[in-house]
Amino acid sequence: MENKIYLGIDIGGTAAKIGLVNAEGSMVSEVFEYSVKFDDYETPIIETVVKAAKDFMEKNSKEFSVLEGIGVSATGGINSKLGIVEGSAGHIKNWKGTNIKEKLEQEFGVRTAVLNDANAAALGEMWKGAAKGKENVVVMTVGTGVGGGIIVDSRILLGRKGFAGEIGHIPVNVEGEGCSCGNAGCIEHYGSTSALVRNVKKAAVSGEITGIKEEEVDGRLIFKEVAAGNKAVIKYVDEWINYISAALVGLVHTFNPEMVILGGGVSKQKEFFVDKVRAKVLNGVMDNFAQDLRVEAAHLGNDAGIIGAVKFVIDA
């Protein structure tokens, strides 16, 4: 087993990350990153990925024939049964309809499996990350949007086609503002880092928050202000955390996990984000669900998608 190696490819909206992983889930190469939007997606992402994979293998002095499989983590609505992009995240040009599995198997002659990037990150965290050894896990990634994955009895929950775990589109405010998905009040619109930045910017423009310029506002500045005790900013962060926690309470009641994992850059904010979400979730769920429930930050960072995609192809 120790000699078996797999190629992990994590395709995001701006870049593809590629690395080699062994059968135990350890990275055995440096991770290379390749831009996929260098010409505003005029070159289809899949063409860029094929070229990048060839370059990566050449730089690592490897032939594709040595691979046991290729695991792909990809942005968008991924039909994991077929390995096809059926929904395009952010309406990326030349992406929807791409048959990733067929293309890579034709190009490289290696068995390939494909799943959504948030599901891949969840699998990676269960296999080698924060949820190692756990069998039932809810993962929420908070960033530009809100993504996630659900692990049930040690397997990623895929649903009929592979779209399961799209937790960013759980409505948490049914009378609320419109979401990019077409519905109103989704957690993605209220609980993403983008939402927090948007609301703090508005408050800075209106004068509700003083001493901050609109163009300066980003996640780092917001948490710097929280640490400094800025009550006006803290109010917005608390509202944002309330939405995230409400969605997680519902997910805990639905899936009864052993663990909730928080991913995305904001998960590095232990005191002002992870600890507060944990307290609200444990306080919000029914007592029998709260027993031994852990709420923790993700561990694998940018490697989660690559490692999870390899786990997926191993299990396929």
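Provided above is the structure to which this section pertains.
Note that this is a predicted model, so its numbers are computed, not measured.

(A) Geometry of the overall build of the protein chain. When helices and strands are tallied, the protein chain shows 10 helices and 12 strands. Taken over the C-alpha trace, the protein chain has a radius of gyration of 20 Å; the compact-globule value for 316 residues is 20 Å, and the two agree within 12%. When its C-alpha atoms are laid out on the principal axes, the protein chain stretches across 60 × 45 × 35 Å. When each of the 316 residues of the protein chain is scored for burial, the buried share is 50%. Roughly 14400 Å² of accessible area belongs to the protein chain as shown, and the carbon and sulfur atoms make up 47% of that amount.

(B) Summary view of the packing of helix α7 (residues 231–255) against helix α8 (residues 270–284). Their axes nearest at 9 Å, the elements α7 and α8 cross at an angle of 50 degrees. The orientation of α7 relative to α8 falls into the category oblique. Crossing of α7 over α8 shows right-handed handedness. Where α7 abuts α8, its residues V237, D238, W240, I241, N242, I244, S245, L248, V249, V252 and H253 lie against F272, F273, K276, V277, K280, V281 and G284. Of the residues that constitute the contact of α7 with α8, the class distribution is 11 nonpolar, 4 polar and 3 charged.

(C) Broad picture of the side chain of T48. Position of T48 among the secondary structure elements: in helix α1 (residues 45–59). Those residues in contact with T48, other than ones at most four positions away along the chain, are S35, V36, F38 and T43.

(D) Local environment of the pairing of strand β11 (residues 259–263). Most of β11 sits inside the fold, with 5 of its 5 residues counted as buried. Residues M259, I261 and G263 point to one face of β11 and V260 and L262 to the other, with burial holding for every one of them. Where strand β8 (residues 137–142) lies against β11, 5 bridges are found, and the strand directions are parallel. By the bridge assignment, T141 is partnered in β11 with G263.

Scoring rules and cut-offs
- Residues numbered from 1 in each chain as written.
- Predicted model: local features only at pLDDT ≥ 70, side-chain atom pairs only at ≥ 80, totals over all residues.
- Heavy atoms only, no water.
- Helix = DSSP H or I, 4+ residues; strand = E, 2+ residues; numbered from the N terminus.
- Rg over C-alpha atoms; globule rule 2.2 N^0.38 Å.
- Buried < 20%, exposed > 50% of the residue type's maximum accessible area, 1.4 Å probe, protein only.
- Areas by Shrake-Rupley, 256 points an atom, 1.4 Å probe, with all protein chains shown as cover.
- Axes fitted to C-alpha atoms, helices over the stretch in contact; angles between N-to-C directions.
- Parallel < 35°, antiparallel > 145°, perpendicular 65-115°, else oblique.
- Left-handed = near helix turned anticlockwise from the far one by under 90°.
- Contact = heavy atoms within 4.5 Å.
- Nonpolar A, V, L, I, M, F, W, Y, C, P; charged D, E, K, R; others polar.
- Pairing = 2+ DSSP bridges.

Bear in mind that shape data such as this cannot, by itself, settle questions of function.
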